[in-house]
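What the coordinates show
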Amino acid sequence: MANTKERFKEKADGVAAEIKDILKEHGSKKIGEVTLSQIYQGMRGITGLVTETSLLDAQEGIRFRGFSIPELQQKLPKANGGTEPLPEGLFHLMLLGELPTEEDVHDITANWQRRSHVPNHVFAAIEALPKDSHPMTQFVIAIMALQTESKFADRYAKGMAKKDYWEAVFDDSMDLIARLPRVAAYIYRRKYKDEDHIHPDGLLDWAGNFAHMLGYEDETFRELMRLYMTIHADHEGGNVSAHTTHLVGSALSDPYLCLAAGMNGLAGPLHGLANQEVIKWILEMREELGVELPSSAQIDAYVRKTLSEGRVVPGYGHAVLRKTDPRFSAQMAFGKRHLPDDPLVQTVWNIYETVPPILQSLGKIKNPWPNVDAHSGALLVHYGLVEYEFYTVLFGVSRALGVLASLCWDRALGFPLERPKSVTTELVKDWLKGE
Ligand code: NMX
Ligand code: MLT
C-alpha cells in the first residue's frame, strides 16, 4: 500500500483540481457581508479562511472530517485493551480525509518513532533558561531550537521549486510531531521532577509513550492522554493557534517557525492557558473557603466575586460555540467512568451546574457554557499531574496535530500570502460621512 506521504499528495492533487474548477465557475459568488461591528470586534462570524481538517458548528461542536468526538471514540483504532482513540488515527483522518485502518495507525506510530530523535542542542537551549520560566516559554524556545532541523528552510535556501513545498512541509510536520512529546516531557521532568528524565519506550504508541516519559505508568492515565491528545488537536481554522500557524506559514516560514508562533498564541489566558487558569481558580476557591467540596451556594458567591473583580470565569464562554463543548462532555464521561468520587472532579461538575445561569443572567455573555478547558485540569490532578502551569504544553502537543496537518494542506493547495486589508477609524468616519 502507498505510504502516507504519497496518499496525501494524491488526495491534495484531487482537491486542488476541484478548487480550481469551483473558483473558475463560482469565484465571484458572495458568501457573506461584513459589518462595521465585526471589524472592531475580533472579526466574529466573518468567514475568511479555508481549513480542511475540521469544522465547528456553534450548536453541535467540533467535527473532524465530518466525525463527532463520540463517533471518533467508536471508529478510530485503539491501543491493545484500550477504549480511547489513538491520536495517530485522528492525524491520519485529518490529513487524508478518511478513517484509518489498524495498519495505517501502526504505520504512523512507527513513522513518528523513527523521526523522534531530538538533537542535544535543543535540550541545551531549554537548560539555558531559568527553571522557573513558564513551561510554555520553554516549549516555544525548544521548538525554535529544533528549527535547525527544518528541511523546508534548507531546501528553500537551495532553490526549492514551488511544486515541492508541500513535501518539505510534510516532512517537517511529521518530524515535529514525532519530537514534541520528548521535548515536552523533558521540560516537565526538568522543572518538576529534579531533572530525572525518562527514556522513550519504543513499544508504546505516541500518546502512551508521552505519558511514560512524563512519568505516569498507570494504564488509565495513558488512556486519558490518548483522549486528551485527540480532543484538543483541532478546532477549525479561526482559533488563535490555528490561525496564527496558518498565517505565518503563508509567508513560507517553515513549520517550526509557524508552530512556535501558534504556540505563543495558545499561551494566552483567553485561549489555551485557560486550562491552567481554571484549576488555579478552583484551588484558590477551595483554599479561600477552607473546604474540599464547595457547596452550590459557595460556588455561586465565588463566581459573583470573580465577576465583580472584573475578571472572567475561566473555562466558560466561547467565540463560536453556543452550547456545552463536546470536548467538555467527553472528559466528563471519562470522569464518570474512571473517577466519579474524586472531589475536585465533582467540583468541576458542581461548577457546571452553577455557573451557566449566573453568566446567562448578566445578559452580555453569548455563551454561558463550559469549554474544553473547564474540565481537563481536574482529571490530570487526579493522576498526580498537579503542576498546572504545564497544562498548556499538553494542549500544545495535541494542537500540533491539527495545525500541522492543515499546514500540509495549505502548501499542497498552493495557498498564497495572507494579507487582509485594514482601515483606520478616520477612514471609517469618512465612509460614514459619505453615507
Ligand atoms: N466570564 C466573564 N465574562 C465573560 C466570559 C466569562 N467566562 N465570557 C465572556 N465574557 C464577557 C466578555 O469578556 C465580554 O465582556 P465585555 O463586553 O465587557 O468586553 C462579553 O462577555 C461578551 O463576550 P462574548 O462575545 O460572549 O465572548 P468573546 O467571543 O468575546 O470571547 C472568550 C470568548 C472565550 C474569550 C470568553 O468567553 C472568555 O474570556 N472566556 C474565559 C476564558 C476561557 O475560558 N478561554 C478558553 C477558550 C477555549 N480555548 O481553549 O481557547
Ligand atoms: C480552541 O480549541 O481552539 C478553542 O476552543 C478556541 C476557539 O475555537 O476559538
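Computed from a predicted model, the values in this text were never measured in an experiment. (Residues numbered from 1 in each chain as written. Chains lettered and ligands numbered in written order. Predicted model: local features only at pLDDT ≥ 70, side-chain atom pairs only at ≥ 80, totals over all residues.)

**Looking at the site of ligand 2**
Taken together, His235, Asn239, His271, Ala319, Val320, Asn371 and Val372 are the residues near ligand 2. Split into classes, the residues belonging to the shell around ligand 2 amount to three nonpolar, four polar and no charged. (Near = placed C-beta within 6 Å. Nonpolar A, V, L, I, M, F, W, Y, C, P; charged D, E, K, R; others polar.)

**So, the confidence of the model for the protein**
Summarising the model, the protein shows a mean pLDDT of 98, and 100% of its residues fall at 70 or more. In the predicted complex, the global pTM is 0.98; the interface-specific ipTM is 0.99. (pLDDT = per-residue confidence, 0-100.)

**Digging into the packing of helix 7 (residues 135-146) against helix 13 (residues 255-266)**
Describing two packed helices takes the angle between their axes plus the distance from one axis to the other. Following both chains from N to C, one finds helix 7 and helix 13 inclined at 170°, their axes separated by 8 Å at the closest point. Comparing the axis directions of helix 7 and helix 13 gives the class roughly antiparallel. Where helix 7 abuts helix 13, its residues Met136, Phe139, Val140, Ile143, Met144 and Leu146 lie against Tyr256, Leu259, Ala260, Met263 and Asn264. Residues belonging to the contact of helix 7 with helix 13 are distributed by class as follows: ten nonpolar, one polar and no charged. (Axes fitted to C-alpha atoms, helices over the stretch in contact; angles between N-to-C directions. Helix = DSSP H or I, 4+ residues; strand = E, 2+ residues; numbered from the N terminus. Parallel < 35°, antiparallel > 145°, perpendicular 65-115°, else oblique. Contact = placed C-beta atoms within 7 Å.)

**As for the pairing of strand 2 (residues 61-64)**
The pairing of strand 1 (residues 54-57) with strand 2 spans four bridges and is antiparallel. Looking across to strand 2, one finds that Ser54 is bridged to Phe64. Turn length for the strand 1-strand 2 hairpin, with the two strands adjacent in sequence and antiparallel, is three residues. (Pairing = 2+ DSSP bridges.)

**What about helix 12 (residues 240-250)?**
Working note: α-helix, 3.6 residues per turn, so residues spaced by three or four point in the same direction. Burial within helix 12 is extensive, with eight of its eleven residues counted as buried. Immediately beyond the C-terminal end of helix 12, within one or two residues, lies Leu252, with a positive phi of roughly 65°. (Buried ≥ 20, exposed ≤ 12 C-beta atoms within 10 Å, placed from the backbone.)

**A short note on the nonpolar core**
With 113 residues, the main nonpolar core has Leu259, Leu404 and Cys408 as its most contacted residues. Considering each element in turn, this core owes the most residues, 16 residues, to helix 9 (residues 165-192). Two domains each donate at least three residues to this core, and these are domain 1 (1-268 + 394-435) and domain 2 (274-382). Ignoring sequence-local partners within four residues, the contact set of Leu259 consists of Ile143, Leu176, Thr245, Ala400, Val403 and Leu404. (Core = buried A, V, L, I, M, F, W, Y, C linked by C-beta atoms within 7 Å. Domains from an automatic or database assignment.)

**Remarks on the domain arrangement of the protein**
For interface size, the figure often reported is the accessible area lost on association. You can read the domains of the protein as domain 1 (1-268 + 394-435) and domain 2 (274-382). A separation of 27 Å is found between the C-alpha centroids of domain 1 and domain 2. At the level of secondary structure, the elements contributing two or more residues to the side of domain 1 that touches domain 2 comprise strand 2 and helix 11 (219-231). With five residues, helix 11 is the single largest residue contributor to the side of domain 1 that touches domain 2.

**Section: the environment of Pro416**
Mapped onto the secondary structure, Pro416 falls in the loop between helix 19 (391-412) and helix 20 (425-433). The exposure class of Pro416 is exposed, given the 7 C-beta atoms found within 10 Å.

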